[in-house]
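An overview of the molecular structure
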Amino acid sequence: MGCGASKPKDGEAPMEPAPAKAKVIDDPPPTSAKEAEVPAVPATPNEPEPEPEVPQPKAPEPVAVAPEPSPEAAPEPTPAPAEEEEEEEEEEEEEEAEHEPLVKWPENASIYIGDYQFGPTPAPPGPPKPGVPYKAILSGRAAYGTGHVLDGDRPLGPIMPYCPYCCRLSLLMLESGMEFVPILIDGGDKPKWFKDAYEVAKTPAFLGQPGGNGDEWTGEFKDILGNLKASGNAELLAMCEPGGVAVETVEKHASTAGFAAALSFIAGTTTEGGKMLMMGLGGEAGLIKEGEPADEFRDRMVQTTRDAFGELEKIFAELASSGKPFLGGDKPNQADVYALTMILFSHNIYLGGLTADPAAPCQLADVGAPSLMPYVERWMERPSYVKCYRTKSTVQAPAMRNFSNMLMMAHDVMDGGKRIYTCLERLRELDVEYDGKEHPPVIGEAPSAEEPEPAEDSTPAETGEAAAKEEEDDEEEEDEDEPVVPWPEGLSPYVGDYLYGPEPGPGDRKPEAGKPFKAVLSARASYGGRNTAGELVDGDAALGPIMPFCPYCLRISLLLIESGVEFETFLIDAGDKPDWFINAYEKAETPAMMGSPGGLDDGQWVGESKDIIARACEQNEKFKELCEREGPITVEQIEKYANAVAFGMILGYIAPTEEESGKGLAMGLHGQAGLEPIEGETGAALRERCNAHFRAGLAEFEKMIGGLTTPFIGGDTPSKADVFAATTLFFSHNVAESGLCGDPVAMDKGASLADLGAPSVVPYLRRWMERPSWKTAYKTDCMYSTAVVACLANFAMMAKDMFDDGRKLNLILDNLRRRDADYNPDFVPPTN
């Protein structure tokens, strides 16, 4: 499925095993007007961080035809008096039916398929951690796969968060650095555990502090926000300080625009439910006039919507001309949060056409508000947006699908649901998080690769066994020689600027004097289903190009380039090392060099990072000068904390593993991270220790980098210490953003190093990226490199119980894939 989104992007509630085709029953009845936890939008992920701009096309007309609604059932006759026992039995049956989930999901299947949550959210595993509350968020699906008139034959979609009120709290907390565990509550199929745990079963709701009260679920938006403010979080209190534009002003215009648009759509309803809905949407805002003819009411609501957009346009056009991105200045404030959530709601109403405005379906720019979506796009660049909504898109079909349950209270003006179906189809076609395909749950262990068929035995019995063994050995040897990624012979391995086929070796060529060959460890964002760590690790992700990632290799590259030394690079795919390299260099390790400076001029490959650097210092004066240039921070200081951060994150993630191979991996990572093993330590205790350890190391980096008075440690240009710092921090940055980190702020969903306490790191890396040396070495100037984490797949899968046999690792990689500018999710490899 397109970009990632509904997986535990935000620290989610426990992940269950994995998904077989979901069988579902009837769609939920329309919710009452009282349940006006009205709409918002979906999610992702994860976050922010410059991604390709999401186009906002004019909604195409749907080609699908809405199914005929089934005739309404006649009211059941009042039952004759029956025995008390029979009545009790009936009541019990009704209660069971009430608790029957809409989406039936196998108990032994993971709730996740790829990046998305398809199964129902399970109950939290225990009480929340101190300071990290559980947060129930109203969510929905683009379709329920039940054949309901609003869905037609559309299959089940993933659960995505959308409620504006829930998302306001999420954004305020994320922007203030407050942690929470999101619990997605499907508004069309609320889980029984939530109804049992919280009688009113409404959202937003909190369990734990800050936000909640005691050990019971707490609701009501205003109460929760008050509790959050009472926690004394300085950043939250600053966000809620009055600004140039009052929160009340923004909320009034934004809410009026959204609800008046929806009211125009249901104008003329005469059902009791429809009238209730009208009062629920427009009563408090004074939009309803008793006895007003339907046509007049409809026209007035369209004009009221346009007027509200006009007021919003004044605010945001003035903001754009000020040069500031947000109402709060360089960062959002409370008014920004309120504006975003309702602008997104209105945007989806107009994009789908759930309004009587004759211009719809259309963009908000088409109805006099061209400044609103550019404002939303500025929000989309912030990590909080993707972490909250789990998507980088602004098209959110689940929000409108669940809102449509309410609109169906006015079913007399909906042509049996066909009017809404048409609108939802537009949104489903545009929603990148809904692919319209069946996604059956995966149950149990993934099947292993098929064993080769035994060869027919035509040899005498006494020699048959030996012959079969010999044949087996030959087959194994052939398999070993077979490349992981096949590439048509004679075809260039390059597609555009990217290396997709295996790196061709130098053949009989030898390096020119002073221009050595250099082997750099690299990896792919996906092996196109051929990952040696397991087919589930890549899922259905397309083949990615080979990209350099190894910090040790890239240190040498940067030092050479900054010293003015030319060299020829050979990208060695860590998951599929080419035969020529294995044959030419017995160790087949990287970094490796042939020729000087760095290597030897005897035509042989030599390795070991420290040896290469030492040798290059002897062979090239400029290289030596760069390495000896001193600054306020030494290489030794950098190295002291480098591994503590990177390997501390990873060890914290796999700490609870029960796999024997995983325990062996954990023991090795102890040493890498600079931690002493503690006999009898539990996985949970080790995770906490790792989190504290890497955070302490990261805090040291923040002191060092944040305390610089020049662009680099070396001054205006980088020094050797800068090279070691940049390569280390880029690696750690991508590990954190992927979610391969045991800290609850980042685990599974990903987080920035700023979220983890080091806000100065990414600006420092961006200064590096402005230098030609970075683009030459890394072959990109994108902040997100899936190759960094993809290279760890085989090691990580030693603790496969922590990765749901690879499914969770695929989700972790997707956190980077969707932001990796060098990964093309639509790439189709050539065939012979």
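Not measured: the values here are computed from a predicted model. (Residues numbered from 1 in each chain as written. Predicted model: local features only at pLDDT ≥ 70, side-chain atom pairs only at ≥ 80, totals over all residues. Heavy atoms only, no water.)

**Details of the overall build of the chain**
Quick note on the threshold: The secondary structure listing takes helices from DSSP runs of H or I that are at least 4 residues long and strands from runs of E that are at least 2 residues long, numbered from the N terminus. Exposed residues in this analysis have more than 50% of their type's maximum accessible area, buried residues have under 20%, and partly exposed residues fall in between, with area computed by a 1.4 Å probe over protein chains only. Accessible surface is estimated by sampling points in the Shrake-Rupley manner with a 1.4 Å probe; for residues, cover comes only from the protein chains shown.
Within the chain, the regular secondary structure consists of 27 helices and 16 strands. Classification of the 832 residues of the chain by burial places 56% in the buried group. As presented, the chain carries roughly 35800 Å² of accessible surface, and 50% of it is formed by carbon and sulfur atoms.

**Concerning the packing of aromatic side chains**
We apply this condition: In this analysis, rings of Phe, Tyr and Trp, with Trp reduced to its six-membered ring, are considered paired at centre separations within 6.5 Å, and the interplanar angle assigns stacked below 30 degrees, edge-to-face beyond 60, and tilted for intermediate values. Lysine and arginine charges are scored as sitting over a ring when NZ or CZ, respectively, is within 6 Å of the ring centre and within 35 degrees of the ring normal.
Scanning the model with the defined rule gives 29 aromatic pairs in all. Ring centres of F221 and Y338 lie 6.0 Å apart, and the angle between their planes is 70 degrees; on these two criteria the pair is classed as edge-to-face. Here F221, found in helix α4 (residues 221–230), pairs with Y338, found in helix α9 (residues 334–352); they are 117 residues apart in sequence, far enough to count as distant. The same class applies to F221 and to Y338, which are both buried. Where W580 meets W605, the ring centres are 6.3 Å apart and the plane angle is 45 degrees; that geometry is what we call tilted. In this pair, W580 is assigned in helix α16 (residues 579–584) and W605 in the loop between β15 (592–594) and β16 (606–607), connecting sequence segments 25 residues apart. On the basis of relative accessibility, which here comes to 6%, the residue W605 falls in the buried class. Over the ring of F180 we find K135, and its NZ or CZ is 5.6 Å from the ring centre. Here the basic side chain of R419 rests over the ring of F265, its NZ or CZ set 3.9 Å away from the ring centre.

**So, a negative patch on the surface**
Selection rule: Like charges within 9 Å and nonpolar side chains (Val, Leu, Ile, Met, Phe, Trp, Tyr) within 5 Å are joined into patches, using only residues over 30% in relative accessible area that form no salt bridge. For this document, the term salt bridge refers to a Lys or Arg side-chain nitrogen within 4 Å of an Asp or Glu carboxyl oxygen. Positive charge is attributed to Lys and Arg, negative charge to Asp and Glu, and no charge count is given to His or to the chain ends. The atoms used to mark charge sites are NZ of Lys, CZ of Arg, CG of Asp and CD of Glu.
Residues E621, E625, E628 and E630 make up a contiguous surface patch of negative charge. For E628, the location among the structural elements is in helix α18 (residues 621–628).

**Points about the pattern of salt bridges**
Counting across every chain of the model gives 30 salt bridges. One continuous salt-bridge network, built from bridges that share partners, spans D151, R154, R401, E425, R428 and E429.

**Here we look at the side chain of E702**
Keep this limit in mind: Residues count as neighbours in contact if any of their non-hydrogen atoms are within 4.5 Å of one another.
With respect to the helices and strands, the residue E702 is situated in helix α21 (residues 683–706). For the buried E702, no salt bridge is present, and the opposite-charge side chain at shortest range is R767, 9.6 Å distant. Those residues in contact with E702, other than ones at most four positions away along the chain, are G707, G757, A758, P759, S760 and V761.

**Observations concerning the nonpolar core**
Formally: What we call a nonpolar core is a set of buried Ala, Val, Leu, Ile, Met, Phe, Trp, Tyr and Cys residues that are connected through their side-chain atoms within 4.5 Å.
Formed by 110 residues in total, the largest nonpolar core has its most connected members in M649, I654, L740, L756, Y764, W774 and F803. The dominant element in this core, judged by the number of residues it contributes, is helix α19 (residues 635–654), at 12 residues. Apart from residues no more than four positions distant in its own chain, M649 is found in contact with A644, F694, S732, V735, A736, L740, C741, G742, L753 and L756. Counting residues in hydrophobic clusters, the runner-up holds 100 residues, among them C163, A254, L319 and L340.

**Here we look at the packing of helix α15 (residues 551–562) against α18**
To keep things clear, this is the line we draw: Angles here are taken between N-to-C directions and fall from 0 to 180 degrees, while the axes themselves are lines fitted to C-alpha atoms, restricted in helices to the stretch in contact. Angle categories: roughly parallel below 35 degrees, roughly antiparallel above 145, roughly perpendicular from 65 to 115, and oblique for all the rest. By definition, turning the near helix anticlockwise from the far helix through less than a right angle yields a left-handed crossing, and turning it clockwise yields a right-handed one. Polarity classes work like this: nonpolar for Ala, Val, Leu, Ile, Met, Phe, Trp, Tyr, Cys and Pro, charged for Asp, Glu, Lys and Arg, and polar for all others, with Gly in that last group.
Two numbers describe how α15 lies on α18: the axes approach to 9 Å, and their chain directions differ by 115 degrees. Classed by the angle they form, the pair α15 and α18 counts as roughly perpendicular. You can see that α15 and α18 cross each other, and the crossing is right-handed. Contact residues: α15 offers L559, L560 and E562, while α18 offers F623, L626 and C627. For the contact of α15 with α18, the residue count by class is five nonpolar, no polar and one charged.

**Quick word on helix α27 (residues 807–817)**
Buried residues dominate α27, accounting for 11 of its 11 residues. All of the buried residues in α27 are R807, K808, L809, N810, L811, I812, L813, D814, N815, L816 and R817. Those residues of α27 that are buried lie in contact with β3 (112–113), β4 (116–117), α19, α22 (720–738), α25 (786–790) and α26 (793–796).

**Some details on the environment of T341**
Put simply, the rule reads: Contacts described as polar in this section are N or O atom pairs within 3.5 Å, which, within protein, must combine one atom able to donate a hydrogen with one able to accept it, while residues neighboring in sequence count only if both atoms come from side chains.
Among the secondary structure elements, T341 is positioned in helix α9. Its relative accessible area of 0% is what places T341 among the buried residues. Once the C-alpha coordinates of T341 and C163 are considered, the two residues, 178 residues apart in sequence, prove to be 8.2 Å apart. Apart from residues lying up to four places away in sequence, T341 is in contact with P164, C167, R168, L171 and Y389. A polar side-chain atom of T341 sits 3.2 Å from the main-chain carbonyl oxygen of V337.

**So, unusual backbone geometry**
Between T203 and P204 the backbone carries a cis peptide bond, its omega angle lying at 0 degrees. Among the structural elements, P204 can be located in the loop between α3 (192–197) and β8 (205–207). The omega angle of the peptide bond from A360 to P361 is 0 degrees, so this bond is cis rather than trans. Relative to the helices and strands, P361 resides in the loop between α9 and α10 (372–380). We note that E220 has phi near 70 degrees; this positive angle belongs to a residue other than glycine. With respect to the helices, strands and loops of the structure, E220 is situated in the loop between β9 (218–219) and α4. Unlike most non-glycine residues, R390 shows phi in positive territory, near 60 degrees. Tracing the chain through its elements places R390 in the loop between α11 (383–389) and α12 (397–407). According to the relative accessible area criterion, R390 is buried, its value standing at 1%.

**Describing the confidence of the model for the chain**
Rule in force here: The quantity called pLDDT is the predictor's confidence in a given residue, expressed from 0 to 100.
Mean pLDDT for the chain: 84, with 83% of residues reaching 70 or above. Across residues 1–97, confidence stays below pLDDT 50; counting only partners more than four residues off in sequence or on other chains, it has 332 contacts. Across residues 444–479, where pLDDT falls below 50, the model places 11 contacts with residues more than four positions away in sequence or in other chains.

**Topic: α12**
Counting buried residues in α12 gives 11 out of 11 residues, a clear majority hidden from the surface. Within α12, the full set of buried residues consists of A397, P398, A399, M400, R401, N402, F403, S404, N405, M406 and L407.

**Some points on the side chain of D722**
Take D722: it is sitting in helix α22. The residues contacting D722, other than those within four sequence positions of it, are F712, I713, G714, T717, Y764 and W768.

**Digging into the packing of α15 against helix α17 (residues 609–619)**
The interhelical angle for the contact between α15 and α17, taken along N-to-C directions, is 10 degrees, at an axis separation of 10 Å. Taken together, the axis directions place α15 and α17 in an arrangement best described as roughly parallel. Once α15 is placed against α17, the crossing between them reads as right-handed. Residues Y552, I556 and L559 of α15 lie in contact with α17, whose contacting residues are S609, I612 and I613.

**Here we look at the pairing of strand β7 (residues 181–186)**
The criterion, for reference: Strand pairing is defined by DSSP finding a minimum of two bridges between the two strands.
Counting buried positions along β7 yields six of six residues, so the element is predominantly enclosed. One ladder, built from six bridges, connects strand β5 (residues 134–140) with β7; its direction is parallel. Counterpart to I137 in the pairing with β7 is L184.

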